[in-house]
Amino acid sequence: MKAQLPLDIRLMNMASAAMIVVLLSMGALALGMWALRHPVWTIQAITVHGDVAHQNVVSLRAQLALQLRQQVSSSFLDADLQRVRELFETVPWVRRAQVQREFPNRLKVTLEEHVAVAWWGQSGSGQLVNSFGEVFEAMPDDRDDLPELAGPVAQAAQVWGAFQQLGPELARLDLELERLELNDRGNWRARLDSGAHIELGRGTPDRLLERARLFTGTVGQLTQRYAGAIQTVDLRYPNGYALRLQGVTTVTDAAPSGNRR
């Protein structure tokens, strides 16, 4: 039978083993810290890809140089990718940025730019609507060919959706939709490039389209009978609409109801 070691010797052995474990752990930690700080992991470049139609890559880096140095001066392994993404998304025209690590010491940034489809508010306001119905701040190079949308910012996507439905319908009569507005009361109003105004009333974009189709499907009969450019159209009638031509005023079908404003 093996003799049991005295208690003091066993305690000393346990303490020695614990010290060895601590020393090995500290050594591994020091080695890891050294490896993380090794020059091979220092970020050497940030490459930019994707949509850069409104951004020169060189000037883009120059705009963000100081902030990027603060965020990526550390190791490639612990660079804050989310913060780098947020920095790029503060640049005008950048809708979304995706940041990835490229082994061993590069960051790859892929940009998605806004595609401007309309002014928000007034032409030249500095606020635009993109193809997703999102409002953003920027100034386009060509400011003349964009329509105007207006309304509560939270409903910008709905206004853009309504514009996409109404525009082609009116274009059937060679009428170009220049402005579409949703006011705080929920009433819709449109303006054509000729300066004519259309009162569309309340409702969803689908309901507005129904009213517009009633107008486009019958107004030709009136314009053949009455000469004059369209000045105003009121589609808020339950079974028809009111039309004012230059020098002529007429009401189709039903008499006006209480919803006329």
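Residues numbered from 1 in each chain as written. Predicted model: local features only at pLDDT ≥ 70, side-chain atom pairs only at ≥ 80, totals over all residues. Heavy atoms only, no water.

S.K.: I would appreciate a short explanation of the overall build of the protein chain in the present structure.
M.R.: Looking only at helices and strands, one finds five helices and 13 strands in the protein chain. Per-residue burial for the protein chain yields a buried fraction of 34% across its 261 residues. Long-range contacts, defined as pairs at least 24 residues apart, comprise 44% of the intrachain contacts of the protein chain with a sequence gap of at least 6. Carbon and sulfur atoms make up 54% of the accessible area of the protein chain, which amounts to about 15,600 Å² in all. (Helix = DSSP H or I, 4+ residues; strand = E, 2+ residues; numbered from the N terminus. Buried < 20%, exposed > 50% of the residue type's maximum accessible area, 1.4 Å probe, protein only. Contact = heavy atoms within 4.5 Å. Areas by Shrake-Rupley, 256 points an atom, 1.4 Å probe, with all protein chains shown as cover.)

S.K.: Help me understand the pairing of strand β5 (residues 127–130), please; the structure alone is not making it clear to me.
M.R.: Within a regular beta strand, the side chains point alternately toward one face of the sheet and then the other, so they alternate between its two faces. Where strand β4 (residues 116–120) meets β5, three bridges bridge the pair, whose relative direction is antiparallel. From the neighbouring strand, Trp119 faces β5, where its bridge partner is Leu128. Taking the residues between adjacent antiparallel strands as the criterion, β4 and β5 are bridged by six residues, where Gly121 takes a positive phi near 95°. Two strands pair when backbone bridges link them, and β5 and strand β6 (residues 135–137) are joined in this way by three bridges, in the antiparallel orientation. Looking at β6, one finds that Val129 is bridged to Val135. Where β5 hands over to β6, the hairpin turn is made up of four residues, of which Gly133 adopts a positive phi near 75°. (Pairing = 2+ DSSP bridges.)

S.K.: What's the story with helix α3 (residues 81–88) in this structure? I'm lost.
M.R.: Residues separated by three or four positions in an α-helix point in the same direction, a consequence of the helix having 3.6 residues per turn. Within α3, the full set of buried residues consists of Val84, Leu87 and Phe88. Down the axis of α3, the smallest arc covering the buried residues is 95°, so these residues share one side. (Arc of directions from axis to C-beta.)

S.K.: Explain the side chain of Arg211 to me, please; I cannot follow it from the model alone.
M.R.: Here Arg211 lies in helix α5 (residues 205–225). Of the side chains bearing the opposite charge, Glu210 lies closest to the buried Arg211, which forms no salt bridge; the N-O distance is 6.9 Å. Separated by 2.7 Å, the side chain of Arg211 and the backbone oxygen of Arg202 make a polar contact. The residues touching Arg211, leaving out its near neighbours within four places in the chain, are Leu200, Gly201, Arg202 and Leu235. (Lys, Arg positive; Asp, Glu negative; His and termini not counted. Salt bridge = Lys/Arg side-chain N within 4 Å of Asp/Glu carboxyl O. Polar contact = N/O pair within 3.5 Å; in protein donor to acceptor, adjacent residues only side chain to side chain.)

S.K.: How should I be thinking about the packing of aromatic side chains in this particular structure?
M.R.: Working definition: an aromatic ring pair is given by the centre-to-centre distance plus the angle between the planes. As enumerated under the stated definition, the model contains three aromatic pairs in all. Lying over the aromatic face of Phe132, Arg95 brings its terminal NZ or CZ to 3.8 Å of the ring centre. (Phe/Tyr/Trp six-rings, centres within 6.5 Å; stacked < 30°, edge-to-face > 60°. Lys NZ or Arg CZ within 6 Å of the ring centre and 35° of its normal.)

S.K.: Honestly, the environment of Gln165 in this entry has me stumped. Any pointers?
M.R.: Its place among the elements puts Gln165 in helix α4 (residues 156–171). Exposure remark for Gln165: the relative accessible area of 25% places this residue in the partly exposed category. Residues contacting Gln165, with those up to four places away along its chain left out, are Pro205, Asp206 and Leu209. Within the structure, the side chain of Gln165 is placed 3.0 Å from the side chain of Asp206, a separation counted as a polar contact.

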